[in-house]
Every structure is written in C-alpha cells, then in structure tokens.
Amino acid sequence: MDITQVGVVGAGTMGNGIAQVMARHGRHVILADVSDAALEKGLATIRQSLARLVKKGALSETDAEGTLARLAVTTRLTDLAACDIVVEAATENADIKERLFRELCGIVPARTILASNTSSISLTRIAAWCSHPERVIGMHFMNPVPVMQLVEIIRALQTSDATWQAVDELARALSKTPVTAKDAPGFVSNRILMPMINEAVFALSEGLASAEDIDTVMKLGMNHPIGPLALADLIGLDTCLSIMDILHTEFRDSKYRACPLLVQMVTAGRLGRKSGQGFYVY
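Every value quoted in this text rests on a predicted model; they were computed, and no experiment measured them.

**Overview of the layout of surface pockets**
Link 1 in the chain: Space inside the second largest pocket adds up to approximately 180 Å³.
Link 2 in the chain: The wall of the second largest pocket is formed by Ser120, Ile121, Ser122, Arg125, Asp183, Ala184, Pro185, Ile246, Thr249 and Glu250.
Link 3 in the chain: For the lining of the second largest pocket, the residue count by class is 4 nonpolar, 3 polar and 3 charged.

**As for the UniProt feature "site: Important for catalytic activity" (unreviewed entry) in the protein chain**
Link 1 in the chain: Under the UniProt annotation, "site: Important for catalytic activity" (unreviewed entry) lies at His140.
Link 2 in the chain: Relative to the assigned elements, His140 resides in strand β6 (residues 136–141).
Link 3 in the chain: Here His140 falls in the buried class, since its relative accessible area comes to 5%.
Link 4 in the chain: When sequence neighbours within four positions are dropped, the list of residues in contact with His140 reads Ser116, Asn117, Thr118, Ser119, Leu150, Val151, Glu152, Ile154, Phe187, Ser189 and Asn190.

**Concerning the sheet that holds strand β3 (residues 71–74)**
Link 1 in the chain: Spatially, 8 strands are ordered β3-β2-β1-β4-β5-β6-β7-β8 in an open sheet, and the strand pairing comes out mixed. Of all the strands in the sheet, the pair left with one neighbour each is β3 and β8 (177–182). On average, each strand axis in the sheet is inclined to that of its neighbour by 25 degrees, with strand direction left out of account.
Link 2 in the chain: As judged from the 4 bridges shared by strand β2 (residues 28–32) and β3, these two strands associate in the parallel manner. Residue pairing in the sheet places Ile30 in a bridge with Ala72 of β3.
Link 3 in the chain: Along the sheet, helix α2 (residues 36–56) contacts β2 and β3; its crossing angle with β3, the most-contacted strand, is approximately 160 degrees.

**Let's talk about the state of the cysteines**
Link 1 in the chain: Evaluated as defined, the whole model comprises 0 disulfides.
Link 2 in the chain: Between Cys83, a free cysteine, and Cys105, which holds the nearest cysteine sulfur, the sulfur-to-sulfur gap is 14 Å.
Link 3 in the chain: A residue is classified by how much of its surface remains accessible, and Cys83, at 2% relative accessible area, is buried.
Link 4 in the chain: Its sulfur unpaired, Cys240 is 12 Å from the next cysteine sulfur, which belongs to Cys259.
Link 5 in the chain: Overall, Cys240 belongs to the buried group, its relative accessible area being 1%.

Thresholds applied
- Residues numbered from 1 in each chain as written.
- Predicted model: local features only at pLDDT ≥ 70, side-chain atom pairs only at ≥ 80, totals over all residues.
- Heavy atoms only, no water.
- 1 Å grid on protein atoms, 1.4 Å probe; cavity = no way out; pocket = protein on both sides within 12 Å on 5 of 7 lines; lining within 4 Å.
- Points joined across faces, edges and corners; volume = space filled by probe spheres on them.
- Nonpolar A, V, L, I, M, F, W, Y, C, P; charged D, E, K, R; others polar.
- UniProt positions renumbered as here; feature names shortened; annotations may be inferred.
- Helix = DSSP H or I, 4+ residues; strand = E, 2+ residues; numbered from the N terminus.
- Buried < 20%, exposed > 50% of the residue type's maximum accessible area, 1.4 Å probe, protein only.
- Contact = heavy atoms within 4.5 Å.
- Pairing = 2+ DSSP bridges.
- Axes fitted to C-alpha atoms, helices over the stretch in contact; angles between N-to-C directions.
- Disulfide = S-S within 2.5 Å.

Okay, structure coming up:
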C-alpha cells in the first residue's frame with residue numbers, strides 16, 4: 001500500500017512530532033485538533049524543531065520549507081476523509097479515544113488504516129470500536145519523535161497482515177526502526193519503563209537519595225542517557241500515572257501500584273516540563 005496522504009489527530013507533543021516526521025519524509029499531512037490555538041501551538045513547535053535542525057546542519061533550509069509546505073491544519077475530522085492512514089495522538093484517555101475512533105470510522109473509507117499512538121490502551125479494545133477492525137493498529141512513536149528511532153507496532157487481535165505490513169513499511173520509510181509487539185498492557189516499552197520510573201519515585205519518596213542522585217545512578221551506573229525522574233518529567237507525570245493505573249487494572253497485580261508521591265504530584269499539577277515543575281523545576 002502506497003501511503004502518501006496522512007492524517008494526524010492531536011497537535012500536542014507527540015502529534016506535532018509525528019506530523020513533522022511524516023512531512024519531512026515526503027508525506028502530505030493534515031494535522032487536526034479541536035482548536036486553532038492548539039494547532040498554532042503545534043505548528044510553532046514544528047517550526048522551532050526544524051529551525052534547530054537547520055542550525056545544526058542536519059536539514060537544509062529548502063527541506064525545512066518543503067516540510068512545512070506539506071503540512072496543513074484543520075479543526076474538522078471530516079477533512080481527513082481522503083487520507084491513506086490516520087494516526088491518533090490524542091490524550092491517553094480511553095473515553096476520548098473511543099469517541100475519536102467511532103467518529104473516524106464514519107468518515108474515512110474502509111481502505112484507510114487507523115493507527116493509534118497509545119502508549120498503553122489495548123489495541124484490540126480500540127479495534128472493537130470500529131467497523132473494519134482489521135485496519136486498526138498501534139503505531140507507538142517515542143518522545144521526542146523527530147529524534148527517537150523506535151516505532152513500536154502493536155497488532156490488535158483483529159489486525160490484518162496487510163495492515164501490519166503497510167505500517168511496518170511506512171515506519172522504515174520514515175527512517176525509523178519498527179519493533180512488533182503483541183497487544184498486552186504497556187506493550188514492551190511501557191511494560192518495562194513505567195515500573196522502573198515508578199520505583200525511582202518510590203526511592204525518592206522514601207528518602208533513599210535525592211532526585212539528582214537517583215538519576216545520576218541510572219545514567220552513570222546503567223549508561224542511561226537520561227535518568228528516570230527527568231524522563232518522567234519529559235513524558236509528563238500525568239501520562240506516567242495513567243499508564244501505571246492501566247497496568248495495575250489490567251494485570252490486577254500490586255507490583256504495578258502507582259507510588260503515592262506520583263499521585264500527589266499529579267494532583268498538585270506538577271506534571272513535569274509541560275507545567276514548568278515536576279521532579280525538577282523548568
């Protein structure tokens with residue numbers, strides 16, 4: 001399947017990064033969100049990202065201009081009707097995703113692949129919301145999307161081989177490395193990552209060491225490029241909590257219980273980089 005027209009739903013951190021990568025690699029992209037303000041913020045982030053790449057010599061001015069020229073924005077999902085694939089990158093909330101997928105199924109033709117960037121919600125569940133569930137698949141990009149190589153591809157129970165093959169080929173065409181995972185809570189990435197982050201929060205809450213020292217242990221002792229608490233701030237503490245809650249609910253295992261400090265931080269609005277304060281101040 002030749003994928004040239006791409007829809008991206010959600011202009012936030014992940015959505016604008018996905019849109020940028022798609023457009024940079026020659027796809028025509030329509031970025032959708034609920035408000036003009038959200039779209040303008042997403043476009044501003046893309047422009048800043050492209051400008052940094054040009055300054056570093058990783059992208060020519062001509063290519064940056066071409067990337068922007070292949071990007072369009074809309075507040076209407078109906079404008080995605082001609083897309084070959086639509087990638088949903090909305091908030092990690094099952095109710096929001098269900099509404100979006102049910103609406104998209106009534107807009108796009110049966111040939112259109114419906115992908116979700118969900119980091120933990122069951123793709124089999126998402127596919128069950130749709131007519132032609134065989135076209136539903138997980139396409140989980142890593143943050144920041146323009147930099148990170150991995151794309152985790154998650155097959156729902158209903159996903160067809162043709163859908164999987166098309167998405168695998170698309171990921172490779174974007175100069176990403178795809179890894180296919182079965183549909184299970186947290187998939188591979190967050191099944192391993194989130195409990196590690198959660199344990200780092202427990203270590204902090206117990207006074208085992210400072211946030212800086214916990215992160216230093218993981219960076220210098222385990223060769224991680226960023227410490228777990230700084231990474232949690234980058235991801236968003238609300239997203240981390242949401243994923244831990246899903247793991248806890250789905251596995252029914254207390255080892256996935258979110259640290260009370262993580263819950264407190266989210267309740268206080270200390271969500272990490274996006275709010276200006278998390279385990280660190282930005």
